[in-house]
Amino acid sequence: MPQLSIDYSEGVAFDQPAFVRELHSRVAALISSPVDDCKTVFRKAEEFHVGHGGLPRAATVYLEIRLLEGRSRELRTRLAEETLRLLERFVRPEPGVRAHLAVNVVELDRDFYRKTAM
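The model shown is predicted, which means the values in this text are computed figures rather than measured ones.

K.L.:
So, the overall build of the chain: which residues are in play, and what are the values?
P.N.:
Along the backbone of the chain there are two helices and six strands. Along the chain, helices and strands appear, N-terminal first, in the series β-β-α-β-β-α-β-β. Taking all 118 residues of the chain together, the buried fraction comes to 34%. The long-range fraction of contacts in the chain, counting pairs at least 24 apart against all pairs at least 6 apart in sequence, stands at 80%. Averaging the coordinates of the 18 positive side-chain charges in the chain and doing the same for the 18 negative ones gives two points 3 Å apart.

K.L.:
Outline the environment of Asp 15, supporting the account with residue identities and numerical values.
P.N.:
Structurally, the position occupied by Asp 15 is in the loop between strand E2 (12-13) and helix H1 (16-31). With 27 residues separating them in the primary sequence, Asp 15 and Phe 42 have C-alpha atoms 12 Å apart. In terms of polar contacts, Asp 15 uses its side chain to reach the backbone amide nitrogen of Ala 18, at 3.2 Å.

K.L.:
I'd like a rundown of the pattern of salt bridges, residues and numbers included.
P.N.:
Going through the model one piece at a time under the given rule, you end up with nine salt bridges. Across the pair Arg 43 and Asp 7 runs a salt bridge whose closest N-O atoms are separated by 2.8 Å. A residue pair is termed long-range when its members are at least 10 positions apart, and Arg 43 in strand E3 (residues 39-44) and Asp 7 in strand E1 (residues 3-8) qualify at 36 residues. We classify Arg 43 as partly exposed; its relative accessible area is 39%. Residue Glu 64 is joined to Arg 66 by a salt bridge in which the shortest nitrogen-to-oxygen separation is 2.9 Å. Given a relative accessible area of 18%, Glu 64 falls into the buried group. Because the salt bridges share partners, they merge into one network encompassing Glu 22, Arg 26, Arg 78, Glu 82 and Arg 89.

Calculation rules
- Residues numbered from 1 in each chain as written.
- Predicted model: local features only at pLDDT ≥ 70, side-chain atom pairs only at ≥ 80, totals over all residues.
- Heavy atoms only, no water.
- Helix = DSSP H or I, 4+ residues; strand = E, 2+ residues; numbered from the N terminus.
- Buried < 20%, exposed > 50% of the residue type's maximum accessible area, 1.4 Å probe, protein only.
- Contact = heavy atoms within 4.5 Å.
- Lys, Arg positive; Asp, Glu negative; His and termini not counted.
- Charge placed at Lys NZ, Arg CZ, Asp CG, Glu CD.
- Polar contact = N/O pair within 3.5 Å; in protein donor to acceptor, adjacent residues only side chain to side chain.
- Salt bridge = Lys/Arg side-chain N within 4 Å of Asp/Glu carboxyl O.

Listed below in structure tokens is the structure:
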């Protein structure tokens, strides 16, 4: 079930397939879900701004994890912290670039979330 999205800008590099393998394994283990239920999309931001610009150049990686509601606050906190540490291991800013990394764990309302596979 976990729906993961990763928005990132120019100025950072990471091995996306290797990152996803580790991300899916970690998320699935933490929330007791089959790894095949994890789905991740990467979106490269065409524009990204921090403050008024200037030096150092800035880049971003924002990872959002959407889960069905009902998991404890402690579990969601642990998931956010471990996922941020995973980003820190995989993301490599280009020289002269300051990378801003963030993780957000969001609950989906069971009454309104629907899915299908075809």
